[in-house]
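Residues per chain are reported as follows:
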Amino acid sequence: MAQWHPQKILAQGNLRLSQAEKEIIIKKMPPPDDEGQIYADAIFEGGGVRGVAFLGALRCCADLGLRWRKLAGTSAGAITAAFLAADFSIDELEKILGELNYNDKFLTQKTSPLIFNGNPADDLRFPLPMLISLALTRQIGEYSSEPFRDWLKDTLSIGNITTFADVEQQGRGRELKVVISDITRGEMLVMPDDLQRREPPLYESLYEQLKLTKAEDFSVAEAVRLSMSIPLFFTPGKLLDNLIVDGGILSNFPLWIYDRKPGMNATPPRWFTFGFRLLDKGIEDQVNINGPLGLLSAVFRTMMNARDRYHQRESDKGRVINIDVTEAGVTATDFNLDFDRKAQLYRLGYQYTKNFFLNPACSWEKHLIARGFGALGDNSGDDPIMP
């Protein structure tokens, strides 16, 4: 049986960044701080188990010496963001996520002994058997996501992370935000920020209703569990009495999450906010809609992608790293992922990230110009966003 050896994977085909390539890329990055450190913020798209490709991308970033400040993500992207917020090294991440048996950790608790299915990789591509099974058993999800939450809670505790407040206490200006979908109220929530809302104004905030001292006391593992609760595949989580599902339903790639209007005397951003996005041409290509199931699938896909695609067109500004995972042939629910396909996803993550950084279009100076701040950080432009 093949084993997980990240260093050997990168050694194949001489994939690793050379010293000369590193020097070229570093020259295009924002100026380092007084200690010589280059920082960046990161947004990670959802994509189920295909998120293994993020490991390769992060190894490439680690080879350049990048460190992370503000982090955010949806679903699988939220998992990656949470581990970075816990300040795990890339070596630790490769061991934790690369050696993980997804089947044994995530799919151990079916909601009914009468639910029979084959390869979980096919459940969302061919949903009819799943829908029939759920209807017969009167369930709203095939699997409980509690085993995943428990695993994530235990693993994050190694990095001394339990709540969002712990992320802030790590210092270094670190933040974490997780996107979830409240299908009871029909709205997107950004955790932990939206726990502070009071609607109507005289009502208690969500964190007060949850008996928390402040919003940041909410569990990171629970927020990520809510964000990755793929509809029908996993049973929805709950926030008070509201049902919560995968944040990707409303924003699968929240590139906008740290953007804000700069105002009259705004200073330019200090570093990049990189967006890590997973591409699959089998999903991205236009589809033929035949029958009600095809229509349902198309509607579902549009809900997950349309808003984010529009926003990316408007605010990419040379900061989105597109990782094409098509050739790996891995679906979002392919929890039986073997080492060979993990290696392929990892390799693709590194390769596309390396290509992005070496592309002449990747330049801090060009990024500032695109944002309207000018090559030297002139803030005379009217660009609507900054991290």
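Scroll up to find the structure.
Residues numbered from 1 in each chain as written. Predicted model: local features only at pLDDT ≥ 70, side-chain atom pairs only at ≥ 80, totals over all residues. Heavy atoms only, no water.

Trainee: Where do I start with the overall build of the protein in this structure?
Mentor: Across its full length, the protein carries 16 helices and 10 strands. Residues classed as buried in the protein amount to 53% of the 387 residues present. Contacts spanning at least 24 positions in sequence make up 77% of the contacts within the protein whose residues lie at least 6 apart. Within the structure as shown, the protein displays about 18,000 Å² of accessible surface, and the carbon and sulfur contribution to it stands at 52%. (Helix = DSSP H or I, 4+ residues; strand = E, 2+ residues; numbered from the N terminus. Buried < 20%, exposed > 50% of the residue type's maximum accessible area, 1.4 Å probe, protein only. Contact = heavy atoms within 4.5 Å. Areas by Shrake-Rupley, 256 points an atom, 1.4 Å probe, with all protein chains shown as cover.)

Trainee: Can you walk me through helix α11 (residues 220-227) in this structure?
Mentor: Every α-helix winds through 3.6 residues per turn, so residues three or four apart in the chain are directed the same way. By the criterion of burial, α11 is predominantly enclosed, with 8 of the 8 residues buried. Taken together, the buried positions of α11 are V220, A221, E222, A223, V224, R225, L226 and S227. The N-capping residue of α11, defined by a side-chain oxygen 3.3 Å from the backbone nitrogen of A221, is S219. (Polar contact = N/O pair within 3.5 Å; in protein donor to acceptor, adjacent residues only side chain to side chain.)

Trainee: Any chance you could explain the pairing of strand β10 (residues 320-324) here in plain terms?
Mentor: Each regular strand carries side chains that alternate between the two faces of the sheet. For β10, the buried fraction is high: 4 of the 5 residues fall into the buried class. Pairing geometry for strand β9 (residues 273-279) and β10, over 5 bridges, is parallel. Directly across from F276, in β10, lies its bridge partner I321. (Pairing = 2+ DSSP bridges.)

Trainee: Quick question: what am I supposed to make of a nonpolar patch on the surface here?
Mentor: Taken together, the side chains of L128, I132 and L136 present a nonpolar region at the surface, about 320 Å² in accessible area. Inspection of the secondary structure puts L128 in helix α7 (residues 128-137). Given the relative accessible area of 43%, L128 is considered partly exposed. (Patch = residues over 30% accessible without salt bridge, like charges linked within 9 Å, V, L, I, M, F, W, Y side chains within 5 Å. Salt bridge = Lys/Arg side-chain N within 4 Å of Asp/Glu carboxyl O.)

Trainee: Could you clarify how one ought to interpret the environment of F272 in this entry?
Mentor: Among the structural elements, F272 can be located in the loop between α12 (248-251) and β9. A relative accessible area of 1% means that F272 is categorised as buried. Once you skip the residues sitting within four places of it in the chain, F272 turns out to touch M29, P30, A40, D41, G318, R319, S363, W364 and H367.

Trainee: Where do I start with the pairing of strand β1 (residues 38-44) in this structure?
Mentor: Counting buried residues along β1, 7 of its 7 residues qualify, which places the element largely inside the surrounding structure. With respect to chirality, the unit in which β1 leads through helix α3 (residues 53-63) into the neighbouring parallel strand β2 (residues 66-74) is right-handed. Note that β1 and β9 share 4 bridges and pair parallel. Bridge pairing in β9 places A42 opposite F274. (Right-handed = clockwise from strand over helix to strand, strands pointing away.)

Trainee: How should I be thinking about the pattern of salt bridges in this particular structure?
Mentor: A side chain of one charge can pair with a side chain of the opposite charge when the charged atoms of the two come close. Across all of its chains, the model carries 21 salt bridges by this definition. We note a salt bridge from K177 to D193, for which the minimum N-O separation is 2.8 Å. Taken together, the positions of K177 in strand β4 (residues 175-182) and D193 in the loop between β5 (187-191) and α10 (206-209) put the pair 16 residues apart, joining distant regions of the chain. On the basis of relative accessibility, which here comes to 11%, the residue K177 falls in the buried class. Notably, a salt bridge pairs R197 with D194, separated by 3.9 Å at the nearest N-O pair. Taken together, the salt bridges that share partners define one network made up of R149, D150, E222 and R225.

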